[in-house]
Each structure stands twice: as C-alpha cells, then as structure tokens.
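Descriptive analysis of the structure
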Amino acid sequence: MGARGRKETRGAADPGAGPVIASFASLGAAAVHVAAAPDHFAEWWAAGVFFYAVGAFQALWAVAVLRFPGPALMAAGLVANAGVMAVWALSRTAGMPFGPGAGLPEEVTGADAATVAFEAVVGLVAAFGLRGSASRGFASPFAAVAVAGAAGALVTGLTVPAVQSALSHSHGHGPADGSTPHGHSEEDGHGGGSPEQPDGHPSAAPGDGSAQGGASASAAPAPRDADTPAGEATGGGQGHDDEPHGH
C-alpha cells in the first residue's frame, strides 16, 4: 500500500479534532432546527419544510464528516451553513421578502444564537479543511476521548435549553382569548349545597319539605292549658261576665 493509501486510511479512522468538533456542532444545530420546525410549519408550510430539510442535512453531514472528511464534504458543509446563516440574518434584519410575514423582521432568541454559533463552527472547520489545514489526527486515544467529551458536553449544554425554548414556543400557545375552564363548586352557587343567608344559616331551597314543615309548626296554635279559664286565655281577665248590664 502506498503513502497515499495509508494517509486516506488513517483519515477515515482518525478524522482529527476539527471534524469531531464540527460533527457535534452540526448535530446541535440540527436538533434546534427540527424542534423549531413544527411552529414554522404551522405558520407557513414552506418554512416548516425548509427547517426539516436543514435539520436533516446537518444531521447527515455530522455523521458523514467523521467517516469521509474530504474536500467535497467540507465544501458542502461550508456552503449549506453559510446559506442558512444568511437566510437567518435576512429574516432578523429586513425580514423575509416572501411568505406570510414578508418584510417583518423576526425577534432574535437564545435558540437562534446557539444555532448560529454551531453553524459558524461548522463553517470555520470546513473552511480550514478546504484550505488544506486538515486535522492531523489525534496524538493518542486519550486525546480523542478528551476532545470528544469536551465538545459533546459543551454542545449538549447549549443545545438542551435551545431545544426547550424552541419547543415551548411551538407548543406553549394557550387559548386565543386567554380564558380558562370554569369548574362548578359548592361555593359559586352552582353546586348541590344551599346558599347561605346573611346571618350565616343556610336557607331552604324551593320545594324543601323542611321549610314547609317549619312554617306549619310556627303557624300551629299553642296548646291551651285545660285549667286556665276561657276568659283569661282570650281576654287576659278582662272579658265579659255572665251578669247583665243595664243601660
């Protein structure tokens, strides 16, 4: 096997620090684009398709660059990510020239900043690769593990909150009028309980037998003592006697 063949074999087995870092960065950008795609798809189907396509390309590029870190793949990564960053810059400054929000600049969010940073890293690594400054490979397996671990931790720490922000923006919309469901309870007068009177005692509901019974009981005359004279009971001792009065 010639020197060129040994070099290609080593490059395929040991891509170096640059492609590893670019691979993690491309995966982070892909995750954010896929998370934000449903919201853009709901606003305009073409924007959703664009986000899904960009996410799929960045994910595939991240896998391929570890196996084939050649000039063709580097050129594709540089052109694609530079184009995506240009579209993002246009949408945040002058606004897109077409679509539902044509001419209206969009707000810059934390998810945007993280995604653009990932794409800038990919573009820088790809540009150095095209200039012939490809990575020489790792000096030792320990160096490979250290670089991969540091890159993975950094990208994950930036990607997780960015994805959560994109998902919350996609699925966090409540009712348009801001109303909340109303639940009936005993306190709002719609429940089975009886409403209270001002003195704190529950009032009887219409048709309640207890109210009629109470009214009947209060309307019934009190029993009269058998030993009490009729005159005293009715007139308090001031009624008429049996003697005739002359005029």
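These lines cover the structure that appears in this document, whether it is placed above or below.

What counts and how
Residues numbered from 1 in each chain as written. Predicted model: local features only at pLDDT ≥ 70, side-chain atom pairs only at ≥ 80, totals over all residues. Heavy atoms only, no water. Helix = DSSP H or I, 4+ residues; strand = E, 2+ residues; numbered from the N terminus. Buried < 20%, exposed > 50% of the residue type's maximum accessible area, 1.4 Å probe, protein only. Contact = heavy atoms within 4.5 Å. Areas by Shrake-Rupley, 256 points an atom, 1.4 Å probe, with all protein chains shown as cover. Core = buried A, V, L, I, M, F, W, Y, C linked by side-chain atoms within 4.5 Å. Patch = residues over 30% accessible without salt bridge, like charges linked within 9 Å, V, L, I, M, F, W, Y side chains within 5 Å. Salt bridge = Lys/Arg side-chain N within 4 Å of Asp/Glu carboxyl O.

Let's talk about the overall build of the protein chain
- The helix and strand tally for the protein chain stands at eight helices and zero strands.
- Ordered by position in the sequence, the α and β elements of the protein chain form the string α-α-α-α-α-α-α-α.
- Among the 247 residues that make up the protein chain, the fraction classed as buried is 23%.
- Considering only residue pairs separated by 6 or more positions, the protein chain has 64% of its internal contacts joining residues 24 or more positions apart.
- When the accessible surface of the protein chain is totalled, it reaches about 16200 Å², and 64% of it is carbon and sulfur.

Brief notes about the nonpolar core
- The biggest cluster of nonpolar side chains holds 21 residues, and the ones touching the most others in it are Val32, Trp61, Met74, Phe118 and Ala162.
- Elements with a contribution of two residues or more to this core: helix H2 (17-43), helix H3 (45-67), helix H5 (110-130) and helix H6 (141-171).
- Not counting chain neighbours up to four residues away, the residues in contact with phenylalanine 118 comprise Ala25, Gly28, Ala29, Val155, Leu158 and Thr159.

Here we look at a nonpolar patch on the surface
- Taken together, the side chains of Val34, Phe41, Trp45, Val49 and Tyr52 present a nonpolar region at the surface, about 500 Å² in accessible area.
- Looking at the nonpolar patch, the elements that each hand over two or more residues are H2 and H3.
- Among the elements that take part in the nonpolar patch, H3 stands out by supplying three residues, more than any other.
- With respect to the secondary-structure elements, valine 34 resides in helix H2.

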